[in-house]
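Letter by letter, the chains look like this.
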Amino acid sequence: MCEYCGCQSLTAIDELTREHDLVVELISHVRAAHRSDDVPAMAHTAREIAAVLGPHTRVEEHGLFPALAADFPEHMAALEDEHRRIETVLAEAAGGAVPADPAWPERLMETVALLRDHILKEQDGVFPAALANLSTGEWEAVEAVRAEAGSALPRRISKTG
């Protein structure tokens, strides 16, 4: 994804970006399952996306977005609204369920398209804005939310020693 502004040099943005990258990969799996008319695989991947987005959304909504809300209130509210819309459709596959509604696969496809656009808005707008506007204290608050929320990403192996 984006690498032009240097925001990924910050741990918080790097982790959010890596989560976006994983979600984009999972979106490709949803699309492949949809082409194969494999609704159980679509539901399984929806659960995987939701697992990544759970802590990711918490970091954004309780750390990053509040720090930007004074300068960009409408934009942050719109992004949070998109979070709710995405979560609603993904939640239909929660708990191992394959949604019985025959319209769900198309709703999921619309949702992953929204999610892909949402990711671009964050990477091209929110993350560079955060780099330019957040204070050290605000970044520390974002990191504190991340420490509490955790991450669905695999841990990176250190190459020291």
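Our structure's up above, just so we're on the same page.
Each chain has its residues counted from 1, following the order in which its sequence is written. pLDDT decides what is reported in this predicted model: residues at 70 or higher carry local features, side-chain atom pairs at 80 or more are listed and counted, and totals for whole chains, interfaces and linings draw on all residues regardless. Side-chain figures throughout are based on the complete set of non-hydrogen atoms in the structure, without hydrogens or water.

Peer 1: If you had to explain the overall build of the protein to someone new, which residues and values would you point to?
Peer 2: Per the convention used, a helix needs a DSSP run of H or I reaching at least four residues, while a strand needs a run of E reaching at least two, with both numbered from the N terminus. In terms of regular secondary structure, the protein is built from five helices and zero strands. Secondary structure of the protein in N-to-C order comes out as α-α-α-α-α. Two things to know: the radius of gyration comes from C-alpha atoms, and the globule rule equals 2.2 Å times the number of residues to the power 0.38. Its C-alpha atoms give the protein a radius of gyration of 16 Å, near enough to 15 Å, the size a compact globule of 161 residues would have. For the C-alpha atoms alone, the extent of the protein along its principal axes is close to 50 × 45 × 30 Å. Buried residues are those whose accessible area, probed at 1.4 Å on protein chains only, stays under 20% of the maximum for their type, while exposed residues exceed 50% and partly exposed ones sit between those limits. Looking at the protein residue by residue over its 161 residues, the buried ones come to 42%. For the protein, the proportion of contacts with a sequence separation of at least 24, taken over those separated by at least 6, is 78%. In these tables, accessible area is a Shrake-Rupley quantity obtained with a 1.4 Å probe, and a residue counts as shielded only by the protein chains included in the view. For the protein, the exposed surface amounts to about 8,300 Å²; the carbon and sulfur share of it is 54%. Averaged over its 14 positive side-chain charges, the protein has a centre that lies 5 Å from the centre of its 28 negative ones. The criterion used for residue contact is that any of the two residues' heavy atoms lie within 4.5 Å. We count Lys and Arg on the positive side and Asp and Glu on the negative side, and we leave His and both chain ends out. To locate a charge, take NZ of a lysine, CZ of an arginine, CG of an aspartate or CD of a glutamate.

Peer 1: Could you give me a rundown of the environment of glycine 125, with the residues and numbers involved?
Peer 2: If you trace the backbone, glycine 125 turns up in helix H4 (residues 104–133). By relative accessible area, which is 28% here, glycine 125 ends up partly exposed. Separated by 50 residues in the primary sequence, glycine 125 and histidine 75 have C-alpha atoms spaced 9.7 Å apart.

Peer 1: Tell me what's going on with the packing of helix H1 (residues 11–35) against helix H2 (residues 39–69), and back it up with residues and numbers.
Peer 2: Describing two packed helices takes the angle between their axes plus the distance from one axis to the other. Orientation of H1 relative to H2, taken along the N-to-C sense of each, is 155 degrees, at an axis distance of 9 Å. Taken as axis vectors, H1 and H2 run roughly antiparallel relative to one another. Our pair here, H1 against H2, has a crossing hand that is left-handed. Along its contact with H1, which presents Ile13, Leu16, Glu19, His20, Leu22, Val23, Leu26, Ile27, His29, Val30, Ala33 and His34, the element H2 presents Ala41, Met42, Thr45, Glu48, Ile49, Val52, Leu53, His56, Val59, Glu60 and Leu64. Under this grouping Gly is polar, as are all residues other than the nonpolar Ala, Val, Leu, Ile, Met, Phe, Trp, Tyr, Cys and Pro and the charged Asp, Glu, Lys and Arg. Looking at the contact of H1 with H2 residue by residue, the class counts come to 15 nonpolar, five polar and three charged. Note on method: axes are straight lines fitted to C-alpha atoms, helices fitted across the in-contact stretch only, with angles between N-to-C directions ranging 0 to 180 degrees. For this classification, under 35 degrees means roughly parallel, over 145 means roughly antiparallel, 65 to 115 means roughly perpendicular, and everything else is oblique. Each crossing gets its handedness from the near helix: less than a right angle anticlockwise from the far helix is left-handed, clockwise is right-handed.

Peer 1: Account for the side chain of glutamate 61, naming residues and giving values.
Peer 2: Take glutamate 61: it is sitting in helix H2. Identification of polar contacts relies on pairs of N or O atoms within 3.5 Å, with a donor-acceptor requirement for protein atoms, meaning one able to donate a hydrogen and the other able to accept it, and with residues adjacent in sequence counted only if both atoms are side-chain atoms. At 2.6 Å, the side chain of glutamate 61 forms a polar contact with the side chain of histidine 83. Not counting the four nearest positions on each side in its chain, glutamate 61 is found in contact with Pro66, Glu80, His83 and Arg84.

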